[in-house]
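Below, each chain spelled out in residue letters.
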Amino acid sequence: MGMTITEKIIAKHSGKKEVHPGDLVNAKVDLAMANDVTAPLAIKLLEKYGIDKVFDPERIALVLSHFVPAKDIKSAEQAKIVRDFAKKYGIKHFFEEGEGIEHTLLPERGLVVPGDLVVGADSHTCTYGGLGAFSTGVGSTDIAYAMATGEIWLRVPESMKFIFYGSLKPWVSGKDLILYTIGQIGVDGALYRAMEFEGETISSLSIEQRLTIANMAIEAGAKNGIIAPDEKTIEYVKVRTDREFTIYKSDEDAEYVEIYEWDASQIDPLVAKPYLPSNVVSVYELSDVTIDQAFIGSCTNGRLEDLRIAAKILKGKKVHPYVRCIVIPASKDVYIKAMREGLIDIFLEAGCVVSTSTCGPCLGGHMGVLAEGERCISTSNRNFPGRMGHPKSEAYLANPAVVAASAVLGRIAHPEEVVSLEEVTV
Amino acid sequence: MSGNVIRGKVWKFGDNVDTDQIIPARYLNTSDPYELAQHVMEDSEHPSFAKEHKKGDIIVAGRNFGSGSSREHAPIAIKYAGVPVVIAKSFARIFFRNAINMGLPIVESPEAVDKINHGDEVEVDLEGGTIKILRTGEVYKATKFPKELMDILKAGGLMEYARSRLCR
């Protein structure tokens with residue numbers, strides 16, 4: 001019997017010829033990552049157990065991304081724990097505040113290549129599956145253990161396959177495909193499983209959009225999301241690193257617990273209503289929903305392509321007087337490129353707030369926390385109760401074009417209500 | 001954790017209790033377990049849980065408990081609030097890992113959860129894998145976890161389990 005791409009990568013890293021769903025294996029990791037929220041717990045555990053070495057200082061990434069630049073004294077203390085640890089152990093891939101959100105940074109800096117096995121103490125670590133790597137979110141104890149030993153225990157997941165065919169309508173993107181998927185299968189529809197995406201629509205997507213799809217696999221409960229590498233993947237990776245890599249693809253006779261095949265050409269821009277990412281409807285159904293805030297950013301949709309799309313909508317327009325629009329490039333590199341392309345000018349002139357890179361508002365951390373009863377439309381990934389602020393605030397999830405259009409009209413809007421296709425080339 | 005039986009009063013929650021409800025991100029600027037415990041379940045359907053529950057009370061929930069973030073602060077807050085075990089229809093995968101890795105007992109049993117009411121008293125036999133509802137006397141079987149995971153849980157978590165290896 002054949003193996004899926006996920007099974008092949010896990011087998012390779014656990015020194016086995018083959019693995020099967022349900023097997024428990026000890027796998028070697030190519031990279032272990034943690035951030036300013038999760039690393040301090042891991043570091044304290046290492047100290048508690050008297051462990052004074054790491055398995056490889058070149059294969060650990062520590063990223064200050066969540067509550068930085070420090071929003072208060074406690075956050076400053078947390079960041080300092082990570083900073084001091086990185087210095088003490090000579091952690092090569094330590095990223096200071098403002099460098100970026102981990103899931104944007106790691107692919108962008110060539111730290112993840114196809115075929116890698118990456119674990120990160122952040123649930124959205126599944127993002128790197130967009131490059132054909134196996135990557136999964138774990139907790140702080142897992143990361144402490146991985147930093148010490150270079151290993152992780154894994155239960156080999158069953159795989160589900162999602163095939164998309166057909167061309168996307170204007171203003172529809174990878175974000176809408178993953179929202180559609182979660183809407184169909186539910187927030188635990190892929191619990192403990194691998195989600196594999198393929199088909200002509202997926203092949204037509206840029207790497208950035210593929211990363212967006214894999215990013216939200218966790219919102220369906222999945223262990224990982226993965227897209228087999230192709231020419232675009234190789235091109236993306238080769239300009240970023242000299243590291244050699246292996247391309248894995250699923251065998252023809254690999255086994256899947258479920259296979260879905262969907263016509264992507266029928267999908268409208270979608271919005272996930274509170275309080276679950278699976279609560280998905282067409283944007284057309286929500287045109288009477290007013291908003292107080294619009295957020296363009298996060299590890300899901302804060303990359304250059306996302307900002308370019310938002311800028312197409314916001315160019316020469318004004319953010320609605322009753323709306324705050326917050327734009328946060330997901331990394332310094334994205335910020336610099338957006339600045340050179342004139343996107344930042346467009347945002348500022350439209351009346352947006354532009355901030356240095358941080359996870360900030362996505363998790364109600366800082367830089368745009370919601371008050372009681374306020375409503376935000378966001379390009380991020382979660383709309384749980386209280387996710388972006390007060391427990392009685394609301395978050396709606398959508399793609400960057402929809403969020404930008406909503407910012408202009410002060411209510412949830414389809415991009416075509418703000419700009420015509422003749423005005424912009426999508 | 002030994003083979004003894006845990007007995008406690010139930011606080012019942014619904015499906016998809018996510019980690020933002022268990023411990024909201026506004027408290028993630030600390031990793032002090034006792035401080036986290038003071039805010040446990042604050043954004044859930046029982047926001048008064050942290051103030052009103054007694055040590056030894058048991059959390060019972062529906063499907064996909066602990067979904068969302070990887071924050072280990074969630075099982076930490078539950079454990080340090082004195083909750084000895086969480087029973088759910090199913091657990092989100094990172095919460096599941098975290099609970100095992102830090103030695104917070106978790107039990108999966110869709111049948112039992114359907115029958116347990118808020119305020120019931122239940123007895124959980126971790127070793128035997130059973131849940132008894134004292135009100136009715138009914139006994140339900142818990143889903144069996146692989147032996148390797150039970151070994152980690154019994155040792156008190158991953159670091160304890162691996163102590164010999166890590167500290168050599």
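What you see is a predicted model, and the numbers here were worked out from it, not measured in a lab.

Relative to the helices and strands, Thr136 of chain A is located in strand E6 (residues 134-137). Using a relative accessible area of 0% as the deciding quantity, one classes Thr136 of chain A as buried. Here Lys223 of chain A takes part through its backbone oxygen, which lies 2.7 Å from a polar atom of the side chain of Thr136 of chain A. A polar side-chain atom of Thr136 of chain A sits 3.0 Å from a polar atom in the side chain of Arg93 of chain B. With sequence-adjacent residues up to four places away left out, Thr136 of chain A is seen in contact with Val118, Val119, Gly120, Thr125, Cys126, Leu154 and Lys223 of chain A together with Arg93 of chain B.

Residue and element names in this part refer to chain A. Closest axis-to-axis distance for the helix H6 (residues 174-185)/helix H8 (residues 207-215) pair is 8 Å, and the angle between their directions is 20 degrees. In terms of axis orientation, H6 runs roughly parallel to H8. The two elements H6 and H8 cross, and the hand of that crossing is right-handed. Contact residues: Gly174, Lys175, Leu177 and Ile178 in H6; Gln209, Thr212 and Ile213 in H8.

To continue, consider the environment of His366 of chain A. All names here are of chain A. With respect to the helices and strands, the residue His366 is situated in the loop between strand E16 (353-354) and strand E17 (375-378). With near-sequence residues (within four places) excluded, His366 lies in contact with His66, Phe67, Val68, Pro69, Lys71, Thr358, Gly360 and Pro361. A distance of 3.1 Å separates a polar atom in the side chain of His366 from a polar atom in the side chain of Thr358.

All names here are of chain A. On the basis of which strands lie adjacent, the open sheet formed by 5 strands has the order E4-E3-E2-E5-E6 and parallel pairing. The open sheet has two free edges, formed respectively by strand E4 (93-95) and E6, since each of these has just one partner strand. Neighbour-to-neighbour, the strand axes of the sheet open up by a mean angle of 15 degrees, direction not taken into account. The pairing of strand E3 (residues 60-63) with E4 spans 3 bridges and is parallel. Within E4, the position partnered with Leu62 by the bridge is Phe94.

This brings us to the packing of helix H11 (residues 304-314) of chain A against helix H14 (residues 400-409) of chain A. Residue and element names in this part refer to chain A. Direction vectors running N to C along H11 and H14 enclose 30 degrees, while the axes themselves pass 8 Å from each other. One way to sum up the angle between H11 and H14 is to call them roughly parallel. The handedness of the crossing between H11 and H14 is right-handed. Of the residues in H14, those in contact with Asp306, Ile309, Ala310, Ile313 and Leu314 of H11 are Pro400, Ala401, Ala404, Ala405 and Val408.

Turning next to the interface of chain B and chain A. Taken residue by residue, the interface counts 45 residues in chain B and 52 residues in chain A. Viewed at the interface, chain A and chain B are joined by 4 salt bridges. Between Lys74 of chain A and Glu35 of chain B there is a salt bridge, with its nearest N and O atoms 2.3 Å apart. Counting across the chain B and chain A interface gives 22 residue pairs in polar contact (both at pLDDT 80 or more). The residue inventory of the side of chain B that touches chain A, partitioned by class, reads 16 nonpolar, 14 polar and 15 charged.

Before going further, it helps to examine helix H3 (residues 73-89) of chain A. Residue and element names in this part refer to chain A. Taking 1.5 Å of rise per residue, 17 residues should cover 24 Å, and H3 covers 24 Å from first to last C-alpha, within 8% of that figure. If you follow the buried residues of H3, they end up packed against strand E2 (31-35), helix H2 (39-48), E3, E4 and helix H5 (140-149). Just downstream of H3, Gly90 is the residue with a positive phi angle, here 60 degrees.

Turning to the nonpolar core, a few remarks are in order. If you look at the biggest cluster of nonpolar residues, it comprises 95 residues, and the most contacted ones within it are Leu62 and Leu117 of chain A together with Phe65, Ile78 and Phe95 of chain B. Apart from the residues lying within four places of it in its own chain, the contact partners of Leu117 of chain A are Ile9, Ile10, His13, Ala27, Lys28, Val29, Asp30, Leu31, Phe134, Ile152 and Leu154 of chain A.

Let's shift gears to unusual backbone geometry. All names here are of chain A. Omega for the bond connecting Val68 with Pro69 falls within 30 degrees of zero, at -15 degrees, which places this linkage in the cis form. Secondary-structure assignment places Pro69 in the loop between E3 and H3. Here the bond from Pro274 into Tyr275 is cis, since omega is 0 degrees, no more than 30 degrees from zero. Along the chain, Tyr275 turns up in the loop between strand E12 (270-272) and strand E13 (280-282). A positive phi angle is found at Trp171, which is not glycine, with a value near 70 degrees. Under the relative-accessibility criterion, Trp171 is labelled buried at 5%.

Thresholds, definitions, all that
- Residues numbered from 1 in each chain as written.
- Chains lettered and ligands numbered in written order.
- Predicted model: local features only at pLDDT ≥ 70, side-chain atom pairs only at ≥ 80, totals over all residues.
- Heavy atoms only, no water.
- Helix = DSSP H or I, 4+ residues; strand = E, 2+ residues; numbered from the N terminus.
- Buried < 20%, exposed > 50% of the residue type's maximum accessible area, 1.4 Å probe, protein only.
- Polar contact = N/O pair within 3.5 Å; in protein donor to acceptor, adjacent residues only side chain to side chain.
- Contact = heavy atoms within 4.5 Å.
- Axes fitted to C-alpha atoms, helices over the stretch in contact; angles between N-to-C directions.
- Parallel < 35°, antiparallel > 145°, perpendicular 65-115°, else oblique.
- Left-handed = near helix turned anticlockwise from the far one by under 90°.
- Pairing = 2+ DSSP bridges.
- Salt bridge = Lys/Arg side-chain N within 4 Å of Asp/Glu carboxyl O.
- Nonpolar A, V, L, I, M, F, W, Y, C, P; charged D, E, K, R; others polar.
- Expected span 1.5 Å × (residues − 1).
- Core = buried A, V, L, I, M, F, W, Y, C linked by side-chain atoms within 4.5 Å.

In short, geometric facts, not functional conclusions.
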